[in-house]
Structure formats: C-alpha cells, structure tokens
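For reference, the chains in residue letters:
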Amino acid sequence: MNRSLDIAVLGLSLSSSWGNGHATTFRALLRGVHAAGHRVTFLERDVPWYASHRDLIEPEFCELVLYGSVDELLTRHGGRLAGADGVVIGSYVPDGVEVIDAVLDLGPKRLCFYDIDTPVTLAKLGRGDEEYLARRQVPFFDLYFSFSGGRMLDRLRSDFGARRPVPLYCAVDLDIYRNTGAPRKWDLGYLGTFSPDRQPILERLLIEPARRLPEMRFVVAGPNYPLGIDWPGNVERIEHLPPAEHAEFYSRQRFTLNVTRADMVAAGWSPSVRLFEAAACRTPLISDWWRGLDSFFPPGQAAIVATSSDDVVAALTSLDDRQCRAVADRAYQRVASAHSAAVRARTFVEAIESVAPKTDLATRHSERRLRV
C-alpha cells in the first residue's frame, strides 16, 4: 500500500442526513477511506437546518469540523487545506464559488471536485446558474469526480473543460447495511425526500398500486411532502428516517421502490444510493427505468423495472418468495463485488494518487495567476 494520505473534504453535510443524500454518500466513502489507512478531515458549514437534525456528531472515521463563514474557514483552517495531500470540494457547498476561489488561492497540492449532482450541475451551468460552482472553475480541478458516468463524462471534458473526469458513484457500507431479520411489515416501501419531479412517478408506482391493492401495506419515508397529498389509508408515512434505521426499514419490506430525479433519468448512469442500500439488505428492487440501469442491476435478474402501475401490481401479486429471493441475491452480489464502500474508496484514493502533487509554491500558485 502507498503511504497514508491526508485528505480534506469540504461537503454539504456529514453530520445530518435530513433532507439530503450527501451525508450517507460521504459517510460510506469516508469510512472506506479511513479503513484503508488514510486521514480525513470533513469541513461542513454550520447551518441551522442541519444543526437541528444532526444524526452523526462525532464520526469515528474522520475529524468533523464545523465553520460559520468563508472567512472563518480560511482563518482557522486555511493552513490545514494548504497542507493536505488532497482537497475535495463537493457540490452544493454553501457559497461554493467563493469557497472554490479561496481554496485555489491557497495553492493546494491537489484540488478535486466531487459532484454528487452532476446532471443537475451541468443543467444549472448551461442556463448560467452558478449557485455552487462557476463554469470558469471547472478546468482548475485536478480531478472532477462525477456521480454520473456514461456521456456525462464526455460532456464534462468537451463542453466544460474538465481535465480528468472520473466516475465516482455512490456506495454502501456492507457492515452497516445488511438484512436484520426483522419481521416483514410492508409489501412495498420508498425512502426519499419529496421532489416535485419525482412525485408523479411515486404516484404511479406506489400510491396508485396502494389504491388497487387495499389488502397490502405500503410506506413512504422522507421529509417535506406537502400536506395536500392524498395518501391511501394503507400507506404509512414516516417523516424522517435516520441512517441508523435504514437497514431495519429495508429489511421489513417485501420490495423497495427506487424513483429517480428527472435530471438523473435524462443523463443516465446515475444510480441512487437507495438502490445499493436496499440491495445490501437483500430487499428486492423495483425501479423506474434510466439508461445504464442494466449495467448496475440487469432487469428481470437483479431488479424489476416498472414503468406503470400495472407493472408494480404484477410484481406484488405474481412473484413468489423464491423468485424474490433470487432477484435480491443477484442484486446483493452486484453490490458486494462492485459498489461497496471499500471498492469505492479504493477508486477514490487511486485517482488522487494518480495525480502528481504540486509541491513547490510557484507551481501551486500558477493557477491563481491564470485566473486573475
């Protein structure tokens, strides 16, 4: 093994999984990085909506640092960022454009971007929305880690000038996500924050089947759903489900549903972490269709693809326990071999190590001069 790296990550949130999927993604990845012998510091903007919903205060796999402003970040932690072997800035970091410019001015040895929202990011940049990343900044990253693969990598390189786009999909920690043996409670469940573009699909693939199958039980977990939704009586609602309860949640379902954001569907090759989590718990998957799904979970073998209410009803009423176990086992094998936290951490570290560090100050500050 190569020498231990000192990696600093600036991300949306590690401490709170409330209303965002970034926290669980970072937790799985950084646990794997720590287990491989590397040191990680995670720097998170201290904001009230996460402060009131924190479900990880003292992670055992990294140092968690909260900061209140960009000035505080630089004053208190600038030396740490400049000295790190690699600095990774994530999507949706508050004041992200200012943060990226400030870190560039420190002359980091290696600077990476981890886009957990690649299709959303590129759509935003295409219409001039630079909420957390400016188009001019993309070429300055040594590595651009992308949550999406396929043609997104080509677009990053050709349209936005990314030097080294690298697919870094979400992953699952197999030590945490496993079947708990809990008794089954629901026939179909869904875990996800409310999103207007996902809601019509949720209506079609869960709410309507629930209406047609009143003898079965359904569940939707996640915050921010409007009060006006007409939930059938056999659909249980859970407002917030902390990650510590995810494995139990999946284990109590006969099937779990995956619904993909519209930007991710349009981009393809953008698997949700919920797919990997449910598969790790050996819960059979029902998913909407998007390009690249078959490279992760072959339809009919490791997942059931549904485009209509009829498809979901057919799965719930026609597949027996043996068929369900076969689908779940194949999905688990896929995740264990290619999408565990250990596998993803290895990809992450090897990519960072493939970039020669900028070791002299003249080189480390040359990009600053180019930007001025």
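Rules of the game
Residues numbered from 1 in each chain as written. Predicted model: local features only at pLDDT ≥ 70, side-chain atom pairs only at ≥ 80, totals over all residues. Heavy atoms only, no water. Helix = DSSP H or I, 4+ residues; strand = E, 2+ residues; numbered from the N terminus. Rg over C-alpha atoms; globule rule 2.2 N^0.38 Å. Buried < 20%, exposed > 50% of the residue type's maximum accessible area, 1.4 Å probe, protein only. Areas by Shrake-Rupley, 256 points an atom, 1.4 Å probe, with all protein chains shown as cover. Polar contact = N/O pair within 3.5 Å; in protein donor to acceptor, adjacent residues only side chain to side chain. Contact = heavy atoms within 4.5 Å. Pairing = 2+ DSSP bridges. Right-handed = clockwise from strand over helix to strand, strands pointing away. Arc of directions from axis to C-beta. UniProt positions renumbered as here; feature names shortened; annotations may be inferred. Axes fitted to C-alpha atoms, helices over the stretch in contact; angles between N-to-C directions. Core = buried A, V, L, I, M, F, W, Y, C linked by side-chain atoms within 4.5 Å. Domains from an automatic or database assignment. Buried area = accessible area lost by both parts, 1.4 Å probe. Salt bridge = Lys/Arg side-chain N within 4 Å of Asp/Glu carboxyl O. Parallel < 35°, antiparallel > 145°, perpendicular 65-115°, else oblique. Nonpolar A, V, L, I, M, F, W, Y, C, P; charged D, E, K, R; others polar. Phe/Tyr/Trp six-rings, centres within 6.5 Å; stacked < 30°, edge-to-face > 60°. Lys NZ or Arg CZ within 6 Å of the ring centre and 35° of its normal.

Before going further, it helps to examine the overall build of the chain. Secondary structure summary: the chain contains 16 helices and 13 strands in total. Taken over C-alpha atoms, the radius of gyration comes to 21 Å for the chain, in line with the 21 Å a tight globule of 372 residues would show. For the chain, the residues scored as buried account for 57% of the 372 residues in total. Accessible surface, the chain as shown: approximately 14900 Å² in total, 50% of it carbon and sulfur.

Attention now moves to the side chain of His-339. Its location among the elements puts His-339 in the loop between helix H13 (321–338) and helix H14 (341–353). Residue class for His-339 comes out buried when judged on its relative accessible area of 8%. For His-339, the side chain forms a polar contact with the side chain of Arg-344, separated by 2.8 Å. The contacts of His-339, once residues within four sequence positions are left out, are Ala-171, Val-172, Phe-276, Phe-296, Arg-334 and Arg-344.

Burial along strand S9 (residues 218–221) is two-sided: the face carrying Phe-218 and Val-220 and the face carrying Val-219 and Ala-221 are both buried. Note: strand S8 (residues 186–191) against S9, four bridges, orientation parallel. Across the sheet, the residue bridging to Tyr-190 is Val-220, located in S9. Viewed along the sheet, the connection from S8 through helix H7 (residues 199–212) into S9 turns out right-handed.

On to helix H12 (residues 309–318). Buried within H12 are the following residues: Ser-309, Val-312, Val-313, Ala-315 and Leu-316. Down the axis, H12 shows its buried residues gathered within 160 degrees of arc, on one side only.

In this section: the UniProt feature "domain: Spore protein YkvP/CgeB glycosyl transferase-like" (unreviewed entry) in the chain. When the UniProt feature table is mapped to this numbering, "domain: Spore protein YkvP/CgeB glycosyl transferase-like" (unreviewed entry) covers residues 199–349. Annotated as residues 199–349, this span is 50% helix and 13% strand, and its ends, taken at the C-alpha atoms, are 37 Å apart.

This next bit is on the sheet that holds strand S13 (residues 304–305). The parallel open sheet is built from six strands, whose spatial order is S10-S9-S8-S11-S12-S13. With partners counted over all chains shown, the strands left at the sheet margins are strand S10 (235–238) and S13, one partner each. In terms of strand pairing, S9 meets S10 through four bridges, oriented parallel. Note on S10: the bridge partner recorded for Val-220 is Arg-237. Sitting on the sheet, helix H10 (residues 273–280) touches S8, strand S11 (253–258) and strand S12 (285–287), and the angle it makes with S12 is about 160 degrees.

Another point: the nonpolar core. Leu-14, Tyr-114, Phe-145, Phe-249, Phe-297 and Phe-348 are the most contacted members of the largest nonpolar core, which has 58 residues in total. If you tally residues by element for this core, the top one is H10, at six residues. The two domains that each donate at least three residues to this core are domain 1 (6–171 + 344–354) and domain 2 (186–339). Ignoring sequence-local partners within four residues, the contact set of Phe-348 consists of Ile-7, Leu-29, Val-33, Val-88, Phe-145 and Leu-168. Of all hydrophobic cores here, the second largest spans 33 residues; its members include Tyr-67, Val-87, Ile-100 and Val-103.

You can read the domains of the chain as domain 1 (6–171 + 344–354) and domain 2 (186–339). Taking only C-alpha atoms, the centre of domain 1 and the centre of domain 2 are 28 Å apart. Across the contact, 22 residues belong to domain 1 and 24 residues belong to domain 2. Taking both partners together, domain 1 and domain 2 bury about 1700 Å²; carbon and sulfur atoms supply 62% of that area. Our enumeration of links across domain 1 and domain 2 arrives at zero salt bridges. Our enumeration of links across domain 1 and domain 2 arrives at five residue pairs in polar contact (both at pLDDT 80 or more).

Before going further, it helps to examine the sheet that holds strand S3 (residues 63–67). Strands sit in the order S3-S2-S1-S4-S5-S6-S7 across an open sheet of seven strands; the sheet is parallel. Strands with a single pairing partner mark the edges of an open sheet, and in this sheet they are S3 and strand S7 (165–167). Averaged over all neighbouring strand pairs, the angle between strand axes comes to 25 degrees, with direction disregarded. Both strand S1 (residues 6–11) and strand S2 (residues 39–45) contribute to a ladder of six bridges, which runs parallel. Bridge pairing in S2 links Ala-8 to Thr-41.

Right, let's talk about the packing of helix H1 (residues 22–35) against H14 for a bit. Closest axis-to-axis distance for the H1/H14 pair is 8 Å, and the angle between their directions is 75 degrees. As the angle between them shows, H1 and H14 are arranged roughly perpendicular. Across the interface between the two elements, Ala-28, Leu-29, Gly-32 and Val-33 of H1 pack against Ala-341, Arg-344, Ala-345, Phe-348 and Val-349 of H14. By residue class, the composition of the contact of H1 with H14 is seven nonpolar, one polar and one charged.

This part is about the packing of aromatic side chains. In this structure the tally under the stated criterion is 17 aromatic pairs. When the centroid spacing of 5.7 Å and the interplanar angle of 65 degrees are considered together, the rings of Tyr-225 and Trp-231 count as edge-to-face. On the basis of relative accessibility, which here comes to 11%, the residue Tyr-225 falls in the buried class. An aromatic cluster of three or more residues is present, and its members are Phe-26, Phe-42, Tyr-114, Phe-145, Phe-147 and Phe-348. Between Arg-282 and the ring centre of Tyr-332, over which it is positioned, the NZ or CZ distance is 3.8 Å.

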